[in-house]
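Survey of secondary and tertiary structure
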Amino acid sequence: MRAIDFNLPAELKFNLDTGITTFRDNRLVLFDANAIGLLRQNLIESLGVAAAREFFLRFGFQNGFADFMQMKIGYEFDNEIELLASGPVIHTWEGIVRAAPGELRMDRAKGEFFFTGTWTNSYEAEQHLSFNEKSSEPVCWSLMGYASGWATAFFGSKLVAIEPRCVGRGDESCGWKIQPPAKWGDEAKPYVDALAKF
Ligand SMILES: [Zn+2]
């Protein structure tokens, strides 16, 4: 199976009798993006950007890690690159962002991993800009967390995704770059630290 052949809508089970919606072993809940945006903004205003960013990075990480495990257990992909590439596909199906992979370099024996791509229509950048002026930093915290969690589950050791560009700070599109924590410099410390407990 190729990544692009994965069809999330066909895999969801809705049940009016139980009120439980599932994707394989995971229960899902559907929320209005504006409601999540308001929750996010309330966290920013009550606890500050640093704390809100941490929460959303971890929230995203958990989501990406859990999705990966379902994909790995539940489907036979042609090879591990297709399995990895199914991350951007399911992220897109979930309505979070349109994710298009770019460059991938990986050497498991050497612990090397480098993966980039482009994000468009990020719901989180939209929500951030609906409440705030343009930021000086990337704002798609849950997306970075998701990509980190997905890639970490795939690779078997910690990987951290950060946006080199983000609509939330005025760039034309968002994008991801994923690599091991040791490859990142000081600018990545808040992201690496937030995910250190996983
Ligand atoms: Zn962004």
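Check the entry above for the structure.
Nothing here was measured: the structure is a model prediction, and the numbers come from that model. Counting of residues starts from 1 at the beginning of each chain's written sequence and follows it residue by residue. In keeping with the model being predicted, local features are shown solely for residues with a pLDDT of at least 70 and side-chain atom pairs are shown and tallied solely at 80 or more, while totals for entire chains, interfaces and linings include all residues.

**Re the overall build of the chain**
As a reminder of what qualifies: Only runs of H or I of at least four residues qualify as helices and only runs of E of at least two qualify as strands under DSSP, and these elements are numbered from the N terminus. We compute the radius of gyration from the C-alpha atoms alone; for a globule the expected value is 2.2 Å times N to the 0.38, where N is the number of residues.
Assigned secondary structure in the chain consists of seven helices and seven strands. Its helices and strands in sequence order give the chain the pattern α-β-β-β-α-α-α-β-β-α-α-β-β-α, from N to C terminus. Relative to the 2.2 N^0.38 estimate, which gives 16 Å for 198 residues, the radius of gyration of the chain is 16 Å and therefore close to what a compact globule would have. Each of the three principal axes of the chain carries a C-alpha extent, and together these read 50 × 45 × 30 Å.

**As for helix α6 (residues 141-155)**
The condition that has to hold: Multiplying 1.5 Å by the residue count of a helix minus one yields the expected span of that helix. Using C-beta atoms placed from the backbone, we call a residue buried if 20 or more other C-beta atoms fall within 10 Å of its own, exposed if 12 or fewer do, and partly exposed for counts in between.
Between its first and last C-alpha, α6 extends 21 Å over 15 residues, near the 21 Å set by a 1.5 Å rise per residue. With 14 of 15 residues buried, α6 is to be regarded as a mostly interior element. Following α6 by one or two positions, G156 has its phi on the positive side, about 90°.

**Things to note about the packing of helix α3 (residues 49-74) against α6**
Inclusion rule: Axis lines are fitted to C-alpha atoms, over the contacting stretch for helices. Their N-to-C directions set the angle, which ranges from 0 to 180 degrees. When describing relative orientation, an angle under 35 degrees is termed roughly parallel and one over 145 degrees roughly antiparallel, while 65 to 115 degrees is termed roughly perpendicular and anything else oblique. Left-handed describes a crossing whose near helix is turned anticlockwise from the far helix through less than a right angle; right-handed describes the clockwise counterpart. Residue polarity is assigned by list, with Asp, Glu, Lys and Arg as charged and Ala, Val, Leu, Ile, Met, Phe, Trp, Tyr, Cys and Pro as nonpolar; anything else, Gly included, falls into the polar class.
One way to put it is that α3 packs onto α6 with a least axis distance of 6 Å and a crossing angle of 40°. With respect to their mutual orientation, α3 and α6 come out oblique. When you trace α3 past α6, the crossing you get is right-handed. Grouping the amino acids of the contact of α3 with α6 by side-chain chemistry returns 15 nonpolar, nine polar and three charged.

**With respect to the sheet that holds strand β5 (residues 112-120)**
Stated precisely, the cut-off is as follows: Two strands pair if DSSP finds at least two bridges between them.
Spatial ordering of the open sheet is given by β4-β5-β7-β6, a layout of four strands whose pairing is antiparallel. At either end of the open sheet lies a strand with only one pairing partner, and these are β4 (98-107) and β6 (160-162). Direction aside, neighbouring strands of the sheet carry axes that sit 15° apart on average. Relative to strand β7 (residues 174-179), β5 is paired through five bridges, and the arrangement is antiparallel.

**Some details on the pairing of β5**
On β5, burial follows the alternation: F113, F115, G117 and W119 on one face are buried, whereas E112, F114, T116, T118 and T120 on the facing-out side are not. In this sheet, β5 lies alongside β4 in antiparallel orientation, the contact comprising eight bridges. Paired with L104 across the two strands is F115, which belongs to β5.

**A short note on the environment of R53**
To be explicit about the condition: The contact criterion used here is simple: two residues whose C-beta atoms, placed from the backbone, lie within 7 Å are in contact.
Relative to the helices and strands, R53 resides in helix α3. Look at R53 and you get buried, because 24 C-beta atoms sit within 10 Å. As for R53 and S157, which are separated by 104 residues in sequence, their C-alpha atoms are 22 Å apart. Setting aside chain neighbours within four positions, we find R53 in contact with W141, P190 and A194.

**A short note on the sheet that holds strand β1 (residues 12-13)**
If you walk across this open sheet you meet the three strands as β1-β2-β3, and the pairing is antiparallel. Each edge of the open sheet carries a strand with a single partner, namely β1 and β3 (26-28). By the bridge criterion, three bridges tie strand β2 (residues 21-23) to β3 in an arrangement that is antiparallel. Its bridge partner being in β3, F23 is matched across the sheet by N26.

**Some words on the packing of α3 against helix α4 (residues 80-93)**
Running from N to C, α3 and α4 point in directions that differ by 125°, and their axes come no closer than 10 Å. The angle between the axes of α3 and α4 places the two elements in the oblique class. As α3 runs across α4, the sense of the crossing is right-handed. Of the residues in α4, those in contact with D67, F68, M71 and K72 of α3 are L83, S86, G87 and I90. For the contact of α3 with α4, the class distribution of residues is four nonpolar, two polar and two charged.

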